[in-house]
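Read off the chains here:
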Amino acid sequence: MKYGRFTLVLTLSLFLISCSESKMLMKSLRENRVPVDYLHDSKIADCDRSDGIALTAFDGHAFDTDLSVTKINGEVFPFLFYNYIEKNFAVKLGQMSLDRDYSDFFKESFAIESGRTGCYSLVDEPAENDYTLEIVYDTCITVSKYHQNTTIIFLIFTYSIYSQEVGFPAQTDLSVHVTLRKGDEIILDNKYFINKTLPPIPSDNMNINKMRFDFVSNMAESLSLGTKECIEQIIDDINSGIRKN
Amino acid sequence: MKYVKIYLVILGLTGLFMSCAPAKYFVETEDVLSQIDWERNVLNYIPLMGDDLHSDVLYATYQLLKSKKYSQLNLYLSTVQNSPDYYPAKALYCIAKSKYTDALEYTDKIKENRILLKQLLSIDLNYELSRMAGEYNYKKFLQDYQNLTDEYPDNDILKKIIAVRIRYVRYNN
């Protein structure tokens with residue numbers, strides 16, 4: 001009975017410590033607001049832009065509101081003079097970590113890219129002969145792994161602690177459903193699947209806050225570049241769809 | 001007296017360490033830049049393109065920067081002050097020494113025949129100076145680099161260089 005209580009208390013303590021570790025990391029990562037943007041490096045197309053397209057529906061709600069952290073696993077090697085603790089977390093990017101609304105970013109980037117490479121003009125309200133475009137996000141996820149380890153070495157009258165944190169490549173998964181119509185006729189009905197993995201920039205900076213900022217920035221950069229790829233593919237297909245029509 | 005000596009030694013070592021700080025910008029030729037694996041590259045390059053390397057001053061500057069012979073380069077530049085390429089060369093020297101204020105002064109004096117170099121260095125240096133002054137503005141620099149990219153739509157190497165610059169600006173605020 002005595003050991004039963006002890007085990008229960010120990011398990012509860014470990015559970016609470018485990019939860020607080022994730023929460024502490026989440027709180028720290030959530031403090032960062034990072035830019036979501038990219039360089040438009042496409043060549044400006046010289047084509048007929050007499051056709052009008054109105055973006056009548058856009059649903060980008062598949063993107064999470066807040067950044068979240070969940071503990072994947074951890075290892076502890078408690079020896080007499082040497083202790084090693086390792087923790088791995090799964091981190092998912094959310095809207096609150098970005099410096100602007102993701103839907104606004106998508107719409108603005110789509111408008112800029114349409115102005116560069118789209119053989120059409122974006123209009124606010126569709127006229128009779130104009131096309132209508134619907135863009136619906138089915139999936140919009142940016143995830144990464146964050147690793148922490150601590151080594152403690154006990155010497156006779158002293159001890160040494162060494163901690164390390166490492167961010168893994170950020171991976172963005174986008175699944176976007178696009179429908180282009182002219183009146184009732186469907187010109188284009190495609191799903192776009194983008195998978196963008198971006199390794200973090202190598203850094204010898206030992207400042208934990210900077211490292212965490214870079215980690216969140218890397219995730220936002222991966223999302224930006226994934227969105228870029230997606231927009232470029234959509235515009236390519238819209239151009240082909242209009243040309244065939 | 002003993003402590004003063006120790007202090008001076010530490011100060012000297014710190015100075016030596018600071019002088020060995022890694023360069024942030026690397027001058028490179030078009031030939032070398034066209035062979036770089038841009039997917040993996042994280043270095044900031046300053047390109048010498050077109051007829052830049054036909055200039056004796058720029059070619060010598062490139063060679064001396066490459067071999068990190070900075071004092072020799074400074075000495076050499078003092079002998080070519082009348083050359084039209086003195087200003088870009090001096091700007092590159094100052095960037096290598098992380099003297100960004102001086103570098104911007106020389107960059108402003110670069111003639112129109114090296115306009116791309118002038119425009120690129122001008123954005124880079126304004127970014128470095130604003131960062132040092134704590135007036136970082138990511139959007140402004142992204143727009144400046146975007147404008148430069150659009151001004152040279154056929155220059156693929158420049159696009160790749162600028163893509164790395166944007167990463168650099170994104171992470172170094």
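Being a predicted model, the structure only gives us computed values, none of them experimental. (Residues numbered from 1 in each chain as written. Chains lettered and ligands numbered in written order. Predicted model: local features only at pLDDT ≥ 70, side-chain atom pairs only at ≥ 80, totals over all residues.)

Q: Where do I start with the overall build of chain B in this structure?
A: Summing up its helical and strand segments, chain B has nine helices and two strands in all. Listing the helices and strands of chain B from first to last along the sequence gives α-β-α-β-α-α-α-α-α-α-α. When each of the 173 residues of chain B is scored for burial, the buried share is 30%. In chain B, of all internal contacts separated by at least 6 residues, the share reaching a separation of at least 24 is 47%. (Helix = DSSP H or I, 4+ residues; strand = E, 2+ residues; numbered from the N terminus. Buried ≥ 20, exposed ≤ 12 C-beta atoms within 10 Å, placed from the backbone. Contact = placed C-beta atoms within 7 Å.)

Q: Help me understand the overall build of chain A, please; the structure alone is not making it clear to me.
A: Secondary structure assignment for chain A yields three helices and eight strands. Of the regular secondary structure in chain A, the N- to C-terminal order runs α-β-β-β-α-β-β-β-β-β-α. The globule rule puts the C-alpha radius of gyration for 245 residues at 18 Å, and the 24 Å found for chain A is more than 25% above it. Expressed as lengths along the three principal axes of its C-alpha atoms, the size of chain A is roughly 80 × 45 × 25 Å. Here chain A holds 245 residues, and 25% of them are scored as buried. (Rg over C-alpha atoms; globule rule 2.2 N^0.38 Å.)

Q: Whenever I open this one, the nonpolar core confuses me. Can you help?
A: Side chains that are nonpolar tend, in soluble globular proteins, to be buried together. Ile46, Leu65, Ala91, Leu92, Ile95 and Ala103 of chain B are the most contacted members of the largest nonpolar core, which has 38 residues in total. Elements represented by at least two residues in this core include exactly strand E1 (25-29), strand E2 (44-48), helix H3 (56-66), helix H5 (86-96), helix H6 (100-108), helix H7 (115-132), helix H8 (138-151) and helix H9 (156-171) of chain B. If one sorts the elements of this core by residue count, H5 of chain B sits on top with nine residues. Residues contacting alanine 91 of chain B, with those up to four places away along its chain left out, are Ala103, Tyr106, Thr107, Ile110 and Leu121 of chain B. Membership of the second largest hydrophobic core comes to 37 residues, among which are Val36, Ala170, Phe215 and Ile238 of chain A. (Core = buried A, V, L, I, M, F, W, Y, C linked by C-beta atoms within 7 Å.)

Q: Could you clarify how one ought to interpret the packing of H8 of chain B against H9 of chain B in this entry?
A: Axes are the key here: two packed helices are described by the angle between their axes and the distance separating the axes. Residue and element names in this part refer to chain B. Between H8 and H9, whose axes approach to 10 Å, the crossing angle comes to 180°. As judged from the angle between their axes, H8 and H9 are roughly antiparallel. Contacts from Tyr138, Phe141, Leu142, Tyr145, Leu148 and Thr149 of H8 reach H9 at Leu158, Lys159, Ile162, Arg165, Ile166, Val169 and Arg170. Tallied by class, residues from the contact of H8 with H9 come to nine nonpolar, one polar and three charged. (Axes fitted to C-alpha atoms, helices over the stretch in contact; angles between N-to-C directions. Parallel < 35°, antiparallel > 145°, perpendicular 65-115°, else oblique. Nonpolar A, V, L, I, M, F, W, Y, C, P; charged D, E, K, R; others polar.)

Q: What should I look at first to understand the interface of chain B and chain A in this one?
A: Buried accessible area, meaning the area lost when the parts come together, often serves as the stated size of an interface. Each partner contributes residues to the interface: chain B has 14 residues there, and chain A has 12 residues. Those elements that provide at least two residues to the side of chain B that touches chain A are H8 and H9 of chain B. In terms of residue count, H9 of chain B provides more of the side of chain B that touches chain A than any other element does, seven residues in total. Taken together, the residues that form the side of chain B that touches chain A break down as nine nonpolar, two polar and three charged.

Q: Is there a simple way to think about the confidence of the model for chain B in this case?
A: In low-pLDDT regions, the fine details of the predicted coordinates are not to be read closely. Per-residue confidence for chain B gives a mean pLDDT of 87; residues scoring 70 or more make up 87%. Per the prediction output, this complex has pTM 0.85; the corresponding ipTM is 0.80. (pLDDT = per-residue confidence, 0-100.)

Q: Before we go on, may I ask you to explain H9 of chain B in this structure?
A: Since one α-helical turn is 3.6 residues long, residues separated by three or four positions face the same way. Here H9 of chain B spans 23 Å end to end across 16 residues, near enough to the 22 Å set by a 1.5 Å rise per residue. Of the residues making up H9 of chain B, those classed as buried are Leu158, Ile161, Ile162, Arg165, Ile166, Val169 and Arg170 of chain B. (Expected span 1.5 Å × (residues − 1).)

Q: Before we go on, may I ask you to explain the pairing of strand E1 (residues 52-59) of chain A in this structure?
A: Walk down a regular strand and you will see the side chains alternate between the two sheet faces. Residue and element names in this part refer to chain A. Sheet topology note: the E1/strand E4 (residues 121-123) ladder contains three bridges and is parallel. Following the sheet pairing, isoleucine 53 is matched in E4 by leucine 122. Judged from the six bridges that link them, E1 and strand E5 (residues 131-154) form a sheet pairing that is parallel. In the strand pairing of E5, alanine 57 is matched with glutamate 134. (Pairing = 2+ DSSP bridges.)

Q: How should unusual backbone geometry be read in this particular structure?
A: When glycine is set aside, most residues are seen to have a negative phi, and most peptide bonds are trans. One non-glycine residue, lysine 68 of chain B, lies in the positive phi region at around 55°. Take lysine 68 of chain B: it is sitting in the loop between H3 and helix H4 (70-78).

Q: Quick question: what am I supposed to make of the pairing of E5 of chain A here?
A: Residues and elements named next belong to chain A. The pairing of strand E3 (residues 82-92) with E5 spans 11 bridges and is classified as antiparallel. Each bridged residue has a counterpart across the sheet, and for isoleucine 85 the counterpart in E5 is threonine 150. Judged from the 12 bridges that link them, E5 and strand E7 (residues 170-182) form a sheet pairing that is antiparallel. Residue pairing for E7: glutamate 134 is matched across the bridge by threonine 179. Connecting E5 to the next strand, strand E6 (residues 159-167), in antiparallel fashion are four residues.

Q: Can you help me understand the environment of serine 50 of chain A in this one?
A: Residue position: serine 50 of chain A is located in the loop between helix H1 (2-30) and E1. For the pair serine 50 of chain A and tyrosine 120 of chain A, spaced 70 residues apart in the sequence, the C-alpha separation amounts to 6.0 Å.

Q: In this structure, what is going on with the packing of H5 of chain B against H6 of chain B? I would like to understand it.
A: All names here are of chain B. Contact pair H5 / H6: the axes reach a minimum separation of 8 Å and the direction vectors enclose 165°. Comparing their axes, H6 and H5 come out roughly antiparallel. Judged by the twist between their axes, the crossing of H5 over H6 is left-handed. For the pair H5 and H6, contact is made by Tyr87, Lys90, Ala91, Cys94 and Ile95 and by Asp102, Ala103, Tyr106 and Thr107, respectively. The residue inventory of the contact of H5 with H6, partitioned by class, reads six nonpolar, one polar and two charged. (Left-handed = near helix turned anticlockwise from the far one by under 90°.)

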